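# Results of the structural survey
For reference, the chains in residue letters:
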Amino acid sequence: MSLCRELMSDLQEATSPVAGIGGPAACVSKVELRVSCKSLLDRDTLNKSDPCVMLMVQNQGQWTELDRTEVIKSNLNPVFAKVLMLDYYFEEVQKLRFEVYDIHGAHSIGTRDDDFLGGVECTLGQIVAQKKMVKPLLLKYGKYAGKSTITIHAEEISGNNGYVELSFCAKKLDDKDLFSKSDPFLEIYRINDDGTEQLVHRTEVIKNNLNPVWEPFKVSLISLCSCDDERKLKCLVWDYDSRGKHDFIGEFYTNFKEMQKISSGNKVTWDCINPKYKLKKKNYKNSGLVILSDLKLHRVYSFLDYIMGGCQIHFTVAIDFTASNGDPRNSCSLHYINPYQPNEYLKALIAVGEICQDYDSDKRFSALGFGARIPPNYEVSHDFAINFNPEDDECEEIQGVVEAYQNCLPKIQLYGPTNVAPIINRIAKLAAGKEPIKDASLYHILLILTDGVVTDMADTREAIVRASYQPMSIIIVGVGNADFTDMQILDGDDGVLRSPKGEPVLRDIVQFVPFRDFKTASPAALAKCVLAEVPKQVVEYFSHKAIPPINPVLNSTPSSIANTPE
């Protein structure tokens, strides 16, 4: 008891919430890339090329596709509407390659040289530094693709920006087709400070309809108006032509402030004006009406929004009791209880647990063990409560976990193998609950302390993929001097973890670190390292499920605007 309290006292200051999470570590910035091209090569005999841009990223010397734009039919000067989003790391060289292809059929990238319209390599840092990059497109062997160029605009999306969901429709548009009705689509452009226009969104085409209702779409406020409510927006309505020669129907100007005048039951309406008709026709009124039928502002919530809104963090520790740790009675054992010096298991447990307990109101933590023969029958168990109470595996505060750990050591027989999948599955089942998760009230952190590489690697990968769909994160700390190289596969930092069947994790939820890397550092350093990703993981889970904080602290917004996570 005295050792435990002394240890807790010694580590209290170093592992305070301020030292560990005290507000999440600065989340990685997100960057939006918008792409356009000019003077592309014409590869088609009868029509113009149908271009699409593929974004490639380089990992460990290999190029892999990250995303691609839409295909624009019959156009040698395309302005692509799809936004390409990437995480931006200041401390890394992030190599990118943009490849432009002429698409044939159902969005398939051709393998023939004559489908390739050109490419360019650069780094994300270069694009961000310039904000707007114009580069000539190159064919194979560095040959210029004629006068073809690609323009890439970059905009940083900070964590405080929201997204707006807009629903547009139109009425009584001009009929531009001789034998059928117009096929209208809407484009929205932002007018920049220098007077240039930036495409924000292009709707889908509604065939043969003068009263189209376009699908709702989402766009970030920084993309729409650079977070300036009064920035001018130019909106154009076109009649689609499959050959790329779209007929102009009309235009109107607005801003986000005007859009927000929408309220329940009321809509915002604009006259769609064709300037040429307005000059020539005396009684010209408009070429139809464009209507904003709905507007919803989606706020992007932060980790602290969820915590301050009442989300509890439930902490579970799972301890490796396999024979490779050594006999606890031997001073060389990793489980040896030294009255003057805590072992590595205790140091890691307390460093991480002391921070997590500040986010759990009842201060009760589940403490589990695996890889030991346990009483009364001394059968091997890979999922047992170290307080030997299967009905209630929780301990009072971190001190209670330490005491349960010390008390169980003389009663068990260290054995093996090192199977952790059963405990991951157990916590994932607990996190899932009996009913579908409807609020942001609880998030689980599972700390696994082990002295070696897990034996059931395939089952563990499967369990992690399943767990990535639940409100939980997994921290694995390697104790001792074993070779933990194979454990890095569980940490998604070097690539996407997949199940044995090839299914990827929904979210990267695993953080692995060897304790030896922190032997000479303060406990706070270990806690900060292993918990640094948790805030991001919490936000990713609840945002993916579109679940807002229980009691969000909202900024003042128009009453007609909903606040939900993106």
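What counts, and at which threshold
Residues numbered from 1 in each chain as written. Predicted model: local features only at pLDDT ≥ 70, side-chain atom pairs only at ≥ 80, totals over all residues. Heavy atoms only, no water. UniProt positions renumbered as here; feature names shortened; annotations may be inferred. Helix = DSSP H or I, 4+ residues; strand = E, 2+ residues; numbered from the N terminus. Buried < 20%, exposed > 50% of the residue type's maximum accessible area, 1.4 Å probe, protein only. Contact = heavy atoms within 4.5 Å. Areas by Shrake-Rupley, 256 points an atom, 1.4 Å probe, with all protein chains shown as cover. Phe/Tyr/Trp six-rings, centres within 6.5 Å; stacked < 30°, edge-to-face > 60°. Lys NZ or Arg CZ within 6 Å of the ring centre and 35° of its normal. Salt bridge = Lys/Arg side-chain N within 4 Å of Asp/Glu carboxyl O. Core = buried A, V, L, I, M, F, W, Y, C linked by side-chain atoms within 4.5 Å. Expected span 1.5 Å × (residues − 1). Pairing = 2+ DSSP bridges. Axes fitted to C-alpha atoms, helices over the stretch in contact; angles between N-to-C directions.

By the naming in an unreviewed UniProt entry, the chain is Copine-7 isoform X2, taken from Carassius auratus. Word for word, the UniProt comment on the chain under Sequence similarities (unreviewed entry) is "Belongs to the copine family."

### A word on the overall build of the chain
Looking only at helices and strands, the chain features 13 helices and 26 strands. Counting across all 566 residues of the chain, residues that qualify as buried make up 50%. Restricting the contact set of the chain to residue pairs at least 6 apart, pairs at least 24 apart contribute 71%. Of the roughly 27200 Å² of accessible surface on the chain, 49% is carried by carbon and sulfur atoms.

### Let's talk about the packing of aromatic side chains
Aromatic ring pairs are defined here through the distance separating the ring centres and the angle between the ring planes. Per the counting criterion, the structure on display carries 14 aromatic pairs. The structure contains a cluster of three or more aromatic residues connected by ring pairs, namely Phe168, Phe217, Phe252 and Trp270. The side chain of Lys232 reaches across the aromatic face of Tyr253, ending 5.4 Å from its centre. Directly above the ring of Tyr415 sits Arg373, whose terminal nitrogen or CZ lies 4.0 Å from the centroid.

### Here's the deal with the pattern of salt bridges
Summed over the entire model, instances satisfying the criterion amount to 20 salt bridges. The structure contains a network of salt bridges with shared partners spanning Arg364, Asp392, Glu394 and Glu396.

### Digging into the nonpolar core
Among the nonpolar cores identified, the biggest contains 57 residues, and Phe315, Phe321 and Leu531 are the most heavily contacted of them. No other element matches helix α8 (residues 344–356), which puts nine residues into this core. Of all hydrophobic cores here, the second largest spans 36 residues; its members include Leu40, Leu117, Val120 and Leu124.

### Some points on helix α9 (residues 397–408)
Across its 12 residues, α9 extends 17 Å between first and last C-alpha, which sits within 8% of the 16 Å expected from 1.5 Å per residue. When you tally the buried positions in α9, you get nine out of 12 residues, the bulk of the element. Of the residues making up α9, those classed as buried are Ile398, Gln399, Gly400, Val401, Val402, Ala404, Tyr405, Gln406 and Cys408.

### Things to note about the sheet that holds strand β23 (residues 413–414)
Overall, antiparallel pairing links the three strands, which are arranged β20-β19-β23 in an open sheet. Each end of this open sheet is capped by a strand with a single partner; those strands are β20 (379–381) and β23. Where strand β19 (residues 372–374) meets β23, two bridges bridge the pair, whose relative direction is antiparallel. Along β23, the bridge assignment pairs Arg373 with Gln413.

### With respect to the sheet that holds strand β9 (residues 163–171)
Strand order in this open sheet of four strands is β12-β9-β16-β15, and the pairing throughout is antiparallel. Bordering the open sheet on either side are β12 (217–220) and β15 (268–271), each of which pairs with just one other strand. For this sheet, the mean angle separating the axes of adjacent strands, direction not counted, is 35°. Across four bridges, the pairing between β15 and strand β16 (residues 289–298) is antiparallel. When the bridges of β16 are listed, Trp270 appears paired with Val290.

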